[in-house]
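Here are the chains, one letter per residue:
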Amino acid sequence: MSKKRVAYYYDGDVGAFTYGLGHPMKPHRIRMAHDLIASYDMLDKMHVLRPKRATPETMTSFHTDEYIHFLSRVTPETAEELTFHGTRFLMGEDNPAFEGVFEFCSISAGGSIAAAQRLTSGAADIAINWAGGLHHAKKREASGFCYINDIVLGILELLRTYPRVLYIDIDCHHGDGVEEAFYTTDRVMTCSFHKFGEYFPGTGTQEDRGREEGRNYTVNVPLKDGITDESFRNVFEPIVSRILEVYRPSAVVLQCGADSLAGDKLGCFNITMQGHAHCVQFLRATNIPLILLGGGGYTTKNVARTWTYETACALGIEDDIDLNLPWNEYFEWFGPRYRLEVPENNMEDLNVRDGSLDKVRRTALQQLAQIGG
Ligand code: VJV
Ligand code: CA
Ligand code: ZN
């Protein structure tokens, strides 16, 4: 099945929100990606939809009433008072109470919930929300640039129809918020690939593999600096293939955090645009209903490039794409080469030097052998 029905969720307001001067998270990159997607004439090849904003009530299917009540009211002016001087809800430098923070969250969450509904209704094979993927947000607090966990909300929506959902997270950081939400259930398997060792948020060892009914349904793949396309593929493909065999998910949610790309401002991996997009191609080829979400990504022009290319992969038109960028609103940002590429650099791959990559893969596959079926 080569042609797929793709639903693409985008709200034209999202690019105007700002976390504040100097903050690495820039919602503007979503608009840059959208403009590039438009300039490649991809919009008329998919259903382009503006998501309904998520309401406070829908958000409380995961978050506490108290936290949502707080978030829906907080402003830059009232933050000090409403957080009891920064002692509650984990608002601070990583998670500032910026102007319009709740509206931003409701766009992000609204997109992921709508994407889930588009799959369960059978109206799409693949649904995309580049404004989603905010995997650190917790039930009762913000964390790591994330306030509302749109991923958990989207998965909960999928679980109303599907028996089993697979969540895969290729952001450079550990997908701790999603892992925690489904740690004790076998109806969601979570699998995060991430940098581990003196790195935010500090969780995600292979010892953490779920509890009770969820035992073995949490898969962590801790990695070291400098992982290349080849090394990444050497863990991603065998682990995800085995998961698909033993778990047989009804739907897959892929968090496409772009801070795993080479040259990212906060990331430390050496993955190219093609290597990153290979994960999308690999999951698309399984013919399982698929949601693609954004996430991290701090070298904004590379984020825009990669999410554009991954949109083309969802459509199955990546081989027809001209890697010389077409004229677009932000063309000058993409110099000096003006190409759709994120090349690798010369950093050392610390995962192969000491055989840690093989060890991590072996441990993950051993864990998956414990799953009956
Ligand atoms: O490492 C941390 C936490 C600190 C305390 C807060 N200071 C600001 C930084 C160190 C321990 N936080 C990480 C959070 C990373 C979140 C990643 C999110 C995702 O990609 O996984 C999904 C969207 C961190 N790393 C870098 C920064 N914070 C950082 C925050 C800033 C900043 C520079 C760096 C906030 C404001 C400003 N500069 C002006
Ligand atoms: Ca990850
Ligand atoms: Zn990240």
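Residue indices follow the written sequence of each chain, beginning from 1 at its first position. Numbering of ligands from 1 and lettering of chains from A proceed in the order in which they are written. This being a predicted model, a pLDDT of at least 70 is required before a residue's local features are given, and a value of 80 or more before pairs of side-chain atoms are given or counted; all residues contribute to the totals for chains, interfaces and linings. The side-chain figures draw on all heavy atoms in the structure; neither hydrogens nor water molecules are used.

## Here we look at the pattern of salt bridges
For salt bridges, the criterion is a side-chain nitrogen of Lys or Arg within 4 Å of an Asp or Glu carboxyl oxygen. Across all of its chains, the model carries 18 salt bridges by this definition. Between Arg353 and Glu348 there is a salt bridge whose closest N-O contact spans 3.5 Å.

## What to know about the coordination of the calcium ion (ligand 2)
Ideal geometry at a metal centre gives angles of 109.5 degrees when four donors are arranged tetrahedrally and 90 or 180 degrees when six donors are arranged octahedrally. Coordination here is defined by N, O and S atoms within 2.8 Å of the metal (3.2 Å for Na, K and Ca), and since water is not considered, a site can look incomplete. On the protein side, the calcium ion (ligand 2) has Asp169 (O), Asp169 (OD), Asp171 (O), His173 (O), Ser192 (OG) and Phe193 (O) as donor atoms, found 2.5 to 3.0 Å from it. Just to be clear on the cut-offs, tetrahedral is four donors with all angles between 85 and 135 degrees, square planar is four donors and octahedral six with opposite donors over 155 degrees apart and all others between 65 and 115, and anything else goes down as irregular. Here the calcium ion (ligand 2) is ringed by 6 donor atoms whose angles at the metal span 69 to 168°, and the overall shape comes out irregular. Mapping the donors of the calcium ion (ligand 2) onto the primary sequence gives the spacing D-x1-D-x1-H-x18-S-F. Here the two residues Ser192 and Phe193 agree in accessibility, since each one is buried. Only protein chains enter the accessibility calculation, which uses a 1.4 Å probe; a residue whose area is less than 20% of its type maximum is buried, one above 50% is exposed, and one in between is partly exposed.

## Looking at the site of ligand 1
In the vicinity of ligand 1 lie 19 residues, with Asp94, His135, His136, Asp259 and Tyr298 positioned nearest. The definition of a polar contact used here is a pair of N or O atoms within 3.5 Å, where within protein one atom must be able to donate a hydrogen and the other to accept one, and adjacent residues in sequence count solely through side-chain atom pairs. Between ligand 1 and Asp94, the relevant distance is 2.6 Å, taken from a nitrogen atom to a side-chain nitrogen or oxygen of the residue. A distance of 3.0 Å is found between an oxygen atom of ligand 1 and a side-chain nitrogen or oxygen belonging to Asp259. Protein chains bury 68% of the 800 Å² of accessible surface belonging to ligand 1 in isolation. Of the residues contributing to the shell around ligand 1, the split by class is 7 nonpolar, 8 polar and 4 charged. A cutoff of 4 Å decides nearness: a residue is near a molecule or strand if any of its heavy atoms lies inside that distance of it. The protein chains shown are the only cover counted for residues, whose accessible areas, like all others here, come from Shrake-Rupley with a 1.4 Å probe. Gly falls in the polar group here, along with every residue not listed as nonpolar (Ala, Val, Leu, Ile, Met, Phe, Trp, Tyr, Cys, Pro) or charged (Asp, Glu, Lys, Arg).

## Quick notes on the environment of Lys4
Runs of E in the DSSP output that reach at least two residues are strands. Runs of H or I that reach at least four are helices, and both are numbered from the N terminus. Within the secondary structure, Lys4 is located in the segment before β1 (6–9). Classification of Lys4 by relative accessible area gives buried; the value is 10%. Considering only alpha carbons, one finds Lys4 and Asn220, 216 residues apart in sequence, at a separation of 30 Å. With residues up to four places along the chain from it excluded, the contact list for Lys4 reads Asp125, Ile126, Arg284, Asn287 and Ala314. A contact between two residues is defined here by any heavy atoms of the two lying within 4.5 Å.

The analysis is restricted to geometry; functional conclusions fall outside its scope.
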